[in-house]
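# Commentary on secondary and tertiary structure
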Amino acid sequence: MTGSELDLLNRDPNGLNDHVRVLFEDVFGEPDGVRSINCCWKGAYCCFNCCKGCCYKFLTLLCGIPLAICWGCEFAHITFWHVWYVTPCMRIYLINCGCLQKFFGTCVQCFYQPLFEAFSYCFSNIKVTTLNG
């Protein structure tokens, strides 16, 4: 994705971090009957939002790029591991399971199916009657 394709307005289009969306109203609320002075409430609102925004921007400036590099390497490692090890191992497993499935199916068809058919013929003429006493 290049800079021209990057959506700078909607930075969480999949809603990955909706659980950390914290607004002043989510943290502070004065119930009916208890009110601070309006200028204090407005000042607290401004201080909260300013500090939250400045601190977040400072932390992202300080740590955002190094963490993006670390996470990029981590996901590259996971992708490499899956492409070059996990998927081939799963393919080997599925091939061997297919072979075992054919072997088991052949055994059932050759040995058990005739045996169970013979038993079914033996027991097919059994009739149960009940006597009313």
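In the block above lies the structure referred to throughout.
Since we're looking at a predicted model, the values are computed, not measured. (Residues numbered from 1 in each chain as written. Predicted model: local features only at pLDDT ≥ 70, side-chain atom pairs only at ≥ 80, totals over all residues. Heavy atoms only, no water.)

## A look at the overall build of the protein
- Tallying secondary structure elements over the protein gives 2 helices and 0 strands in all.
- Each principal axis of the C-alpha atoms in the protein carries an extent, and together these give about 95 × 60 × 25 Å.
- Residues classed as buried in the protein amount to 2% of the 133 residues present.
- On the protein, the mean spot of the 9 positive side-chain charges and the mean spot of the 10 negative ones are 6 Å from each other. (Helix = DSSP H or I, 4+ residues; strand = E, 2+ residues; numbered from the N terminus. Buried < 20%, exposed > 50% of the residue type's maximum accessible area, 1.4 Å probe, protein only. Lys, Arg positive; Asp, Glu negative; His and termini not counted. Charge placed at Lys NZ, Arg CZ, Asp CG, Glu CD.)

## Here's the deal with the pattern of salt bridges
- In total, this model carries 2 salt bridges according to the counting rule given.
- The salt bridge partner of Arg 21 is Asp 18, with a shortest N-O separation of 2.8 Å.
- Given the relative accessible area of 43%, Asp 18 is considered partly exposed.
- We note a salt bridge from Arg 35 to Asp 32, for which the minimum N-O separation is 3.4 Å.
- Overall, Arg 35 belongs to the exposed group, its relative accessible area being 56%. (Salt bridge = Lys/Arg side-chain N within 4 Å of Asp/Glu carboxyl O.)

## Things to note about the layout of surface pockets
- Of the volumes computed, that of the largest pocket is approximately 1100 Å³.
- Every residue lining the largest pocket is counted, 22 residues in all, and those nearest its centre are Arg 11, Asp 12, Asn 17, Val 20 and Tyr 56. (1 Å grid on protein atoms, 1.4 Å probe; cavity = no way out; pocket = protein on both sides within 12 Å on 5 of 7 lines; lining within 4 Å. Points joined across faces, edges and corners; volume = space filled by probe spheres on them.)

## Concerning helix 2 (residues 38–123)
- Over its 86 residues, helix 2 extends only 91 Å from the first C-alpha to the last, a length that falls short of the 128 Å expected when each residue adds 1.5 Å.
- Where helix 2 bends most, at Cys 63, the angle is about 50°, and the proline Pro 66 comes one to four residues later. (Expected span 1.5 Å × (residues − 1). Bend = angle between axes of the 7 residues up to and from the residue.)

## Structural notes on the packing of aromatic side chains
- Tallied over the full model, the rule gives 9 aromatic pairs.
- Residues Phe 24 and Phe 28 carry aromatic rings whose centres are separated by 5.1 Å and whose planes lie at 40° to one another, so their mutual orientation is tilted.
- Overall, Phe 28 belongs to the partly exposed group, its relative accessible area being 41%.
- Here the aromatic cluster, defined as three or more aromatic residues joined through ring pairs, consists of Phe 24, Phe 28, Trp 41, Tyr 45 and Phe 48. (Phe/Tyr/Trp six-rings, centres within 6.5 Å; stacked < 30°, edge-to-face > 60°.)

## Description of the state of the cysteines
- The final tally for this structure, using the stated rule, is 0 disulfides.
- A disulfide-free cysteine, Cys 63 has its sulfur positioned 10 Å from the sulfur of Cys 55, the nearest such atom.
- Here Cys 97 is not disulfide-linked; the sulfur of Cys 99 is the nearest cysteine sulfur, at 9.8 Å. (Disulfide = S-S within 2.5 Å.)

## As for the environment of Gly 53
- Relative to the helices and strands, Gly 53 is located in helix 2.
- Sequence-wise, Gly 53 and Leu 115 are 62 residues apart; in three dimensions their C-alpha atoms are separated by 77 Å.

## Some details on a nonpolar patch on the surface
- A contiguous nonpolar surface patch, about 930 Å² in accessible area, is contributed by Phe 111, Tyr 112, Leu 115, Phe 116, Phe 119, Phe 123, Ile 126 and Val 128.
- Here Leu 115 is to be found in helix 2.
- For Leu 115, a relative accessible area of 41% translates into the label partly exposed. (Patch = residues over 30% accessible without salt bridge, like charges linked within 9 Å, V, L, I, M, F, W, Y side chains within 5 Å. Areas by Shrake-Rupley, 256 points an atom, 1.4 Å probe, with all protein chains shown as cover.)

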